[in-house]
Amino acid sequence: MVLLKNGSIYPITKKPFKGDILIEDGVIKEIGENLEVKGAEVIDVSGKYIFPGFIDAHSHIGVFEEGVGEFYYQDGNEYSDPLTPHVRALDAFYPGDSAIKRALSGGVTTVMVVPGSANPIGGQGFILKFKSDIVDEMIVRQPAGLKMAFGENPKRVYGSKNKMPTTRLGVAAIIREYFSKVKDYMKKREEDPKTPIDFKLEAGVKVLKKEIPARCHAHRADDIVTAIRIAEEFNFDIVIEHATEGYKIAKFLKQKKIPVVLGPLFGFRTKLELTDLTYEAINIINEHGILAALMCDHPVIHLEHTNIQAATALRYGAKEEDLLKMLTINPAKILKIDNKVGSLEVGKDADIVVWNTHPFDFKAKAEMVFIEGKIVYKD
């Protein structure tokens, strides 16, 4: 048992207060004021700020490994075919990526790792915690979503090869054709269970059965609408990734009840789709009541700077409470793991970060990071 005493606790789902947290058997056993527990190891966190571990719902950490540089060494995209639903980020994830320790130093404990956005359908993502050097011991959920991509990226990749898709209409057509084949495959398997298993199509079956959502890379407003249109045609769940122009159609997103993983917002506008990128999007999205998380898109923005990207939004009028939710409980809800993580509550996993000051202070450092009650990082 570990008892964190006298910290400034930010539960996220309740107002901050000064108090204590008891950790036992990997979960939060008790949270309150003036706790006294016989036999507990007491850690005095007076003057410190206690938060749940941050969650990034869209990351490429471990598949775009840091410090190697060479194209052939990066495993985030299978460029050989526009349809690769059967590949899994899990099988390429490198637990030795030096970026992981730095992510922990930035208070990040849970991520969803997805393939890149080269392909209209790029493969399966999974949710993990940074708690082991064996990837199988890090898994929270596998698979957790099927990565899809609309707009500029698949156009550029396959246009350079003079291979479909070279246009937005080509991207949409390829995705529609895939899910039509999945529907036919499901019918055949139902009628004849001896029908050979097709791993490419099995991934789509999980989406059509709503076992996992489609995670749709879409920056421009028209691409976001196309992704939603196709999802409605085939009746599957989606999350919009990046949603750079989502603020332009916020009423539509709210009406359709589509969650978004917004970002990255801190950086250079590297392509046409990012021309209208703005930090103002955070206010607009939140004012419309859309379920939204904030991503770093690591390695675009390093996960260790999760707090800095979010804090910068304060300059543009974003509310602290909204931003903290976008790093914690909101991504947990989007990933459907909010029963375990995303806030400091009794019964939830003890994924806890002790900061020397408020994480939105530029001088903030994570001094201790617990995942399921065990210290995984100490400054």
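The structure this text deals with has already been given above.
Quick summary incoming for the structure in this document. Fair warning: this is a prediction, and the values are worked out from it, not measured in the lab.

**A closer look at the overall build of the protein**
Move 1: Helix and strand counts for the protein come out as 11 helices and 16 strands.
Move 2: For 379 residues, the compact-globule estimate of 2.2 N^0.38 gives 21 Å, and the C-alpha radius of gyration of the protein, at 21 Å, lies within 12% of that figure.
Move 3: Principal-axis analysis of the C-alpha atoms places the extent of the protein at approximately 65 × 50 × 45 Å.
Move 4: Counting over 379 residues, the protein shows a buried share of 57%.
Move 5: For the protein, contacts bridging at least 24 residues in sequence account for 66% of all contacts bridging at least 6.
Move 6: Put simply, the protein shows about 16600 Å² of open surface, and 50% of that area lies on carbon and sulfur atoms.
Move 7: Within the protein, one finds 51 positive and 53 negative side-chain charges whose respective centroids are separated by 4 Å.

**Section: the pattern of salt bridges**
Move 1: For the coordinates displayed, the defined rule picks out 24 salt bridges.
Move 2: Here Glu273 makes a salt bridge to Arg168, at a shortest N to O gap of 3.2 Å. Of the two residues, Glu273 sits in the loop between strand S12 (260-262) and helix H8 (280-287) while Arg168 sits in helix H4 (residues 168-191), which places them 105 residues apart along the sequence.
Move 3: Residue classification places Glu273 among the buried residues on the basis of a relative accessible area of 1%.
Move 4: We classify Arg168 as partly exposed; its relative accessible area is 23%.

**Digging into the sheet that holds strand S11 (residues 238-242)**
Move 1: Read across the open sheet, the 8 strands follow the order S6-S7-S8-S9-S10-S11-S12-S13; overall the sheet is mixed. What marks the edges here is a single partner per strand, and that holds for strand S6 (54-59) and strand S13 (292-294). Strand-to-strand, the axes of this sheet are offset by a mean angle of 25°, without reference to chain direction.
Move 2: Looking at chain direction, S11 and S12 are connected through 3 bridges and run parallel. Following the sheet pairing, Glu241 is matched in S12 by Val261.

**Describing the packing of H4 against helix H5 (residues 199-208)**
Move 1: Contact pair H4 / H5: the axes reach a minimum separation of 9 Å and the direction vectors enclose 90°. Between H4 and H5, the crossing angle belongs to the class labelled roughly perpendicular. Contacts from Tyr178, Phe179, Lys181, Val182, Lys183, Tyr185, Met186 and Arg189 in H4 reach Lys200, Leu201, Glu202, Ala203, Gly204, Val205, Val207 and Leu208 in H5.
Move 2: Looking at the contact of H4 with H5, its residues break down into 10 nonpolar, 1 polar and 5 charged.

**Some points on the environment of Ala221**
Move 1: With respect to the helices, strands and loops of the structure, Ala221 is situated in helix H6 (residues 221-234).
Move 2: C-alpha of Ala221 to C-alpha of Asp237: the two residues are 16 residues apart in sequence and 18 Å apart in space.
Move 3: In this structure, Ala221 is in contact with Glu245 and Ile249, ignoring residues within four places of it in sequence.

**Regarding H4**
Move 1: Taking 1.5 Å as the rise per residue, H4 with 24 residues should run 34 Å; its terminal C-alpha atoms sit 35 Å apart, in good agreement.
Move 2: Restricting attention to buried positions, one finds in H4 the residues Gly170, Val171, Ala172, Ile174, Ile175, Tyr178, Phe179, Val182 and Tyr185.
Move 3: Considering only its buried residues, H4 is in contact with strand S8 (121-129), strand S9 (139-149), helix H3 (152-159), H5 and H6.

**Regarding the pairing of S8**
Move 1: For S8, the tally of buried residues reaches 9 of 9 residues, placing the bulk of the element in the interior.
Move 2: Alignment of strand S7 (residues 108-113) against S8, held across 4 bridges, turns out to be antiparallel. Note that in S8 the partner of Thr110 across the bridge is Lys129.
Move 3: Alignment of S8 against S9, held across 6 bridges, turns out to be antiparallel. Of the residues in S9, the one forming a bridge with Gly125 is Gly145.

**A word on unusual backbone geometry**
Move 1: Across the junction of Gly263 and Pro264, the peptide omega takes the value -5°, indicating a cis bond.
Move 2: Position of Pro264 relative to the elements: it lies in the loop between S12 and H8.
Move 3: With an omega dihedral of 15°, the bond running from His298 to Pro299 counts as a cis peptide bond.
Move 4: Note that Pro299 resides in the loop between S13 and helix H9 (306-312).
Move 5: Here Ala243, not a glycine, exhibits a phi torsion of approximately 50°, which is positive.
Move 6: By secondary structure assignment, the location of Ala243 is in the loop between S11 and helix H7 (250-256).
Move 7: Even without glycine at this site, Lys257 takes up a positive phi of about 60°.
Move 8: Assignment of secondary structure puts Lys257 in the loop between H7 and S12.

About the criteria used
Residues numbered from 1 in each chain as written. Predicted model: local features only at pLDDT ≥ 70, side-chain atom pairs only at ≥ 80, totals over all residues. Heavy atoms only, no water. Helix = DSSP H or I, 4+ residues; strand = E, 2+ residues; numbered from the N terminus. Rg over C-alpha atoms; globule rule 2.2 N^0.38 Å. Buried < 20%, exposed > 50% of the residue type's maximum accessible area, 1.4 Å probe, protein only. Contact = heavy atoms within 4.5 Å. Areas by Shrake-Rupley, 256 points an atom, 1.4 Å probe, with all protein chains shown as cover. Lys, Arg positive; Asp, Glu negative; His and termini not counted. Charge placed at Lys NZ, Arg CZ, Asp CG, Glu CD. Salt bridge = Lys/Arg side-chain N within 4 Å of Asp/Glu carboxyl O. Pairing = 2+ DSSP bridges. Axes fitted to C-alpha atoms, helices over the stretch in contact; angles between N-to-C directions. Parallel < 35°, antiparallel > 145°, perpendicular 65-115°, else oblique. Nonpolar A, V, L, I, M, F, W, Y, C, P; charged D, E, K, R; others polar. Expected span 1.5 Å × (residues − 1).

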